[in-house]
Amino acid sequence: TAEQAAVYSRVGEFITNIHNNREMARKGNLNIPIIQGAQMFCALTHLLSTFFGKAFFTDGWLRTKFIATVKVFEPITLNGAVTDVETLADGRKKISLEVWIRRGSDNRLAVIGWASCIM
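In what follows, the accompanying structure is described. Fair warning: this is a prediction, and the values are worked out from it, not measured in the lab.

1. Overview of the overall build of the protein chain
Part 1: What the protein chain contains, in helices and strands, is four helices and four strands.
Part 2: Secondary structure elements in the protein chain, listed N-terminal to C-terminal, are α-α-α-α-β-β-β-β.
Part 3: C-alpha extents for the protein chain along the principal axes are approximately 55 × 30 × 20 Å.
Part 4: Buried positions account for 33% of the 119 residues belonging to the protein chain.

2. Points about the pattern of salt bridges
Part 1: On inspection of all chains with the given rule, the structure shows four salt bridges.
Part 2: The residue E23 makes a salt bridge to K27 at a minimum N-O spacing of 3.7 Å. Residue E23 and its partner K27 are located together in helix 2 (residues 22-27), separated by four residues, close to a single helical turn. Side by side, E23 and K27 carry an identical accessibility label, which is exposed.
Part 3: One network of salt bridges, with partners in common, ties together D59, D90 and R92.

3. What to know about the pairing of strand 4 (residues 109-118)
Part 1: Where strand 1 (residues 60-66) and strand 4 come together, seven bridges link them in antiparallel fashion. Residue pairing in the sheet places F66 in a bridge with V111 of strand 4.
Part 2: Note: strand 3 (residues 93-103) against strand 4, nine bridges, orientation antiparallel. Looking at the pairing, S96 lines up with S116 of strand 4.
Part 3: Counting the residues that bridge the hairpin from strand 3 to strand 4 gives five residues, and of these N107 lies at a positive phi of roughly 65 degrees.

4. Remarks on a nonpolar patch on the surface
Part 1: Together, F51, V82 and V85 make up an exposed nonpolar region whose accessible area comes to about 290 Å².
Part 2: By the secondary structure assignment, V85 is in strand 2 (residues 76-87).

5. Some points on the side chain of S116
Part 1: As for its position among the elements, S116 is in strand 4.
Part 2: Here S116 falls in the buried class, since its relative accessible area comes to 2%.

6. What about the sheet that holds strand 1?
Part 1: Pairing in this open sheet of four strands is antiparallel, and the strands run 1-4-3-2 from one edge to the other. Where the open sheet ends on each side, the last strands, each with one partner, are strand 1 and strand 2. On average, each strand axis in the sheet is tilted by 15 degrees relative to the strand beside it, whichever way the strands run.
Part 2: Lying on the sheet, helix 3 (residues 37-52) is in contact with strand 1, strand 2, strand 3 and strand 4; it crosses strand 1 at an angle near 145 degrees.

Calculation notes
Residues numbered from 1 in each chain as written. Predicted model: local features only at pLDDT ≥ 70, side-chain atom pairs only at ≥ 80, totals over all residues. Heavy atoms only, no water. Helix = DSSP H or I, 4+ residues; strand = E, 2+ residues; numbered from the N terminus. Buried < 20%, exposed > 50% of the residue type's maximum accessible area, 1.4 Å probe, protein only. Salt bridge = Lys/Arg side-chain N within 4 Å of Asp/Glu carboxyl O. Pairing = 2+ DSSP bridges. Patch = residues over 30% accessible without salt bridge, like charges linked within 9 Å, V, L, I, M, F, W, Y side chains within 5 Å. Areas by Shrake-Rupley, 256 points an atom, 1.4 Å probe, with all protein chains shown as cover. Axes fitted to C-alpha atoms, helices over the stretch in contact; angles between N-to-C directions. Contact = heavy atoms within 4.5 Å.

So, in structure tokens, the structure goes:
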């Protein structure tokens, strides 16, 4: 929501930007504010930590590329697919994934990424 994006963008600290202020967004040729890349990164981190549990925080990583903007109030879908499972010498498994976020308005990819975790 716009409120979530505004709080994430430090709205209470008298900071205005394209993430928390409609006027600033319009100055940047946007109709309405857009969601921060960092906020979408955190959404993917939540998805991965739910999937892997606490192991993701000690033996996991996430790398992303932001390829399209997402407007506030626009629904998104988060997805991931396991691309490889490798058995390490110590018997643990290294699981690799591709992850992505699609915009709800047109199903366009907004974020693409790669992740891994050792379990």
